[in-house]
Amino acid sequence: MRWYRLHPRTRDIGCQRLEFSELIWNDQQDLNSFGKLNKIQIIGCDALFHVFPVAVAKGFRQLQVLEISTSNIEKIVKESDSQDFESDYLEKLIESKCDRLKTILLSSVLFQISSSLRVLNISSCHKLKEVFANKNEDDVLGEISFLKLEELKLEDLPWLTNFCKLQLQLSLIANITCDWMSENEDIFRSGKLNHNTTK
């Protein structure tokens, strides 16, 4: 499956068990091709090494749900540090069984999605070291608030050493699943995690 032309009205894309497909999107995609896309779900497409190229990632302004469960994925965005991923309305980010993935997105992306993100589920990504990484190790990005986050799942991540290097302000989260949380609270960041108890 390769998208070569404009699809400005497409709202949902689901790819399941395309076992031999190494490419979903063409590298030379027009920025307006998927301007109204709300949901991407990619499951069991184990020949993929990235989800989408930079040209496509820059056009996901309306994306609300991104779900990926594909074992060979190494990067969400091809040939990029993932800072080119843009979405102002992302509500659900779900990553599971991505065994080669070492980081999800850059910390700078958090400032775009923090006001809308409601569900963050990361599980069984066995090489993941940092959920949101800094582009440069010494970058100091300050504090960020997740005022709408309702569900947080970080489970079966044996190599996880850090969540992100930002001071986090979390709203009252109704559902938290962190199988290492009691012993590794500092994984969230290099400093203290702030958790608001009132909405």
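Each remark here, short or long, concerns the structure printed above.
These numbers were taken from a predicted model, which means no experiment stands behind them.

(A) How the structure looks around unusual backbone geometry. At Ser124, a residue that is not glycine, the phi angle is positive and equals roughly 55°. Considering the arrangement of structural elements, one finds Ser124 in the loop between strand S8 (119-123) and strand S9 (130-133). Ser124 gets classed as buried once you look at its relative accessible area, which sits at 17%. Positive phi, close to 55°, is recorded for Asp156, a residue that is not glycine. Mapped onto the elements of the fold, Asp156 is located in the loop between strand S11 (151-155) and strand S12 (167-170).

(B) Inspection of the pattern of salt bridges at higher detail. Tallied over the full model, the rule gives 3 salt bridges. Put simply, Glu74 and Arg100 hold a salt bridge, and the shortest N to O gap is 3.3 Å. Remark: Arg100 occurs in the loop between strand S6 (92-96) and strand S7 (103-106) and Glu74 occurs in the loop between strand S4 (65-69) and strand S5 (75-77); sequence separation between them is 26 residues. In this structure Glu74 comes out as partly exposed when scored by relative accessible area, which is 41%. Ionic pairing is found between Lys153 and Glu155, a salt bridge with its closest N-O pair at 3.5 Å. For Lys153, a relative accessible area of 26% corresponds to the partly exposed category. Residue classification places Glu155 among the partly exposed residues on the basis of a relative accessible area of 27%.

(C) A look at the pairing of S11. Of the two faces of S11, only the one carrying Leu152 and Leu154 is buried; Glu151, Lys153 and Glu155 on the other face are not. Pairing of S8 with S11, which is carried by 5 bridges, proceeds in the parallel orientation. Note on S11: the bridge partner recorded for Val119 is Glu151. Looking at chain direction, S11 and strand S13 (residues 175-178) are connected through 4 bridges and run parallel. Paired with Lys153 across the two strands is Thr177, which belongs to S13.

(D) The sheet that holds strand S2 (residues 39-43), seen in detail. On the basis of which strands lie adjacent, the open sheet formed by 7 strands has the order S1-S2-S4-S6-S8-S11-S13 and parallel pairing. Each edge of the open sheet is held by one strand with a lone partner, namely strand S1 (12-16) and S13. Between one strand axis and the next, the sheet turns through 5° on average, direction left out of account. Pairing analysis gives 5 bridges linking S6 to S8, with the strands arranged parallel. The partner of Leu93 across the bridge, within S8, is Leu120.

Definitions and limits used
- Counting of residues starts from 1 at the beginning of each chain's written sequence and follows it residue by residue.
- Local features in this predicted model are restricted to residues whose pLDDT is 70 or higher, and side-chain atom pairs enter the listing and the counts only when it is 80 or higher, whereas totals over whole chains, interfaces and linings include all residues.
- Based on all heavy atoms of the structure, the side-chain values leave hydrogens and waters out of the count.
- Elements are defined by DSSP. Helices are runs of H or I of four residues or more, strands are runs of E of two residues or more, and each kind is numbered from the N terminus.
- Whether a residue is buried, partly exposed or exposed follows from its accessible area with a 1.4 Å probe, protein chains only, as a fraction of its type maximum: under 20%, in between, or over 50%, in that order.
- Note on definitions: salt bridges are taken to be side-chain nitrogens of Lys or Arg within 4 Å of carboxyl oxygens of Asp or Glu.
- DSSP bridges decide pairing: two strands pair if at least two such bridges lie between them.
- To define axes, lines are fitted to C-alpha atoms, for helices over the stretch in contact only, and angles between the resulting N-to-C directions are given on a 0 to 180 degree scale.

Don't take any of this as a statement about function, it's just geometry.
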